[in-house]
Amino acid sequence: MKTAIYPGSFDPVTAGHLDIIRRAAGLCDRLIVAVLHNQAKKPAFSPEERCDMLRRAVDGVPNVEVRMFSGLLADYAKQLGAETIIKGLRAVSDFEYEFQMALANRKLNPHLDTVFLMTSAEYMYLSSSIVKDIAAHGGDITGLVPDSIQDDILLRIRKEGNTWQR
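What comes next is a walk through the structure. (Residues numbered from 1 in each chain as written. Predicted model: local features only at pLDDT ≥ 70, side-chain atom pairs only at ≥ 80, totals over all residues. Heavy atoms only, no water.)

For the protein chain, the helix and strand inventory stands at 6 helices and 5 strands. Secondary structure elements in the protein chain, listed N-terminal to C-terminal, are β-α-β-α-β-α-β-α-β-α-α. Here the C-alpha radius of gyration of the protein chain, 15 Å, is about what a compact globule of 166 residues would show, namely 15 Å. Based on the C-alpha atoms only, the size of the protein chain along its principal axes is roughly 45 × 35 × 30 Å. Burial statistics for the protein chain: of 166 residues in total, 47% are counted as buried. Accessible area of the protein chain: about 8800 Å², with a carbon and sulfur share of 53%. Counting 20 positive and 21 negative side-chain charges, the protein chain places the centres of these two groups 5 Å from one another. (Helix = DSSP H or I, 4+ residues; strand = E, 2+ residues; numbered from the N terminus. Rg over C-alpha atoms; globule rule 2.2 N^0.38 Å. Buried < 20%, exposed > 50% of the residue type's maximum accessible area, 1.4 Å probe, protein only. Areas by Shrake-Rupley, 256 points an atom, 1.4 Å probe, with all protein chains shown as cover. Lys, Arg positive; Asp, Glu negative; His and termini not counted. Charge placed at Lys NZ, Arg CZ, Asp CG, Glu CD.)

Structural data, given as structure tokens:
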């Protein structure tokens, strides 16, 4: 069974993330969407909330699991028996950082490959930060995030305003 991991902070999950998840799910037998718990960041949503939103967003997408992790991705992949990391790219600027990370992960786990998926053109501009900015300023996030989590985002971001940090 081929297992792949699509890691990220997903704070919150966007329509662009969901596009990558659906496409990546077709490339492997088992896709683990891994929510990174990063102590250095101050996310708008807890890791548990992000996992819950992702589970609702991917409901019905076959062979997808949502899990939380911390630490080194290369170690987590080894622990799960994953052979592939999936990374979504919006622009050339994303590639430089992700390429370095792919090389570092391969150094730490020689059996681990990284597959880069280009985002669909309609989502090239989209990021979790943009969604939070739009929501915080009263904008419409319809179509930018899965419908199943839109109210969660609006409730949290508009209630707390701009207190989240990138």
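Okay, back to it.
With respect to the helices, strands and loops of the structure, Ile85 is situated in strand 4 (residues 84–89). Take Ile85: its relative accessible area is 1%, and that puts it in the buried class. Sequence-distant contacts of Ile85, that is, excluding residues within four places in its chain, are made with Ile5, Pro7, Leu73, Asn105, Leu112, Asp113, Thr114 and Val115. (Contact = heavy atoms within 4.5 Å.)

Moving on to the packing of aromatic side chains. Summed over the entire model, instances satisfying the criterion amount to 4 aromatic pairs. For the pair Tyr6 and Phe10, a centre-to-centre distance of 5.3 Å together with 75° between the ring planes defines the contact as edge-to-face. Both residues of the pair, Tyr6 and Phe10, belong to the buried class. Here Phe69 and Tyr76 contribute two aromatic rings whose centre-to-centre distance is 4.8 Å and whose plane-to-plane angle is 15°, an arrangement assigned as stacked. Accessibility assignment for this pair places Phe69 and Tyr76 in one class, buried. One aromatic cluster in this structure is built from Phe95, Phe99 and Phe116. (Phe/Tyr/Trp six-rings, centres within 6.5 Å; stacked < 30°, edge-to-face > 60°.)

The term disulfide refers to a covalent linkage connecting the sulfur atoms of a pair of cysteines. Inspection of every chain in the model, using the stated rule, returns 0 disulfides. Looking at Cys28, it has no disulfide partner, and the nearest cysteine sulfur is the one in Cys51, 18 Å off. (Disulfide = S-S within 2.5 Å.)

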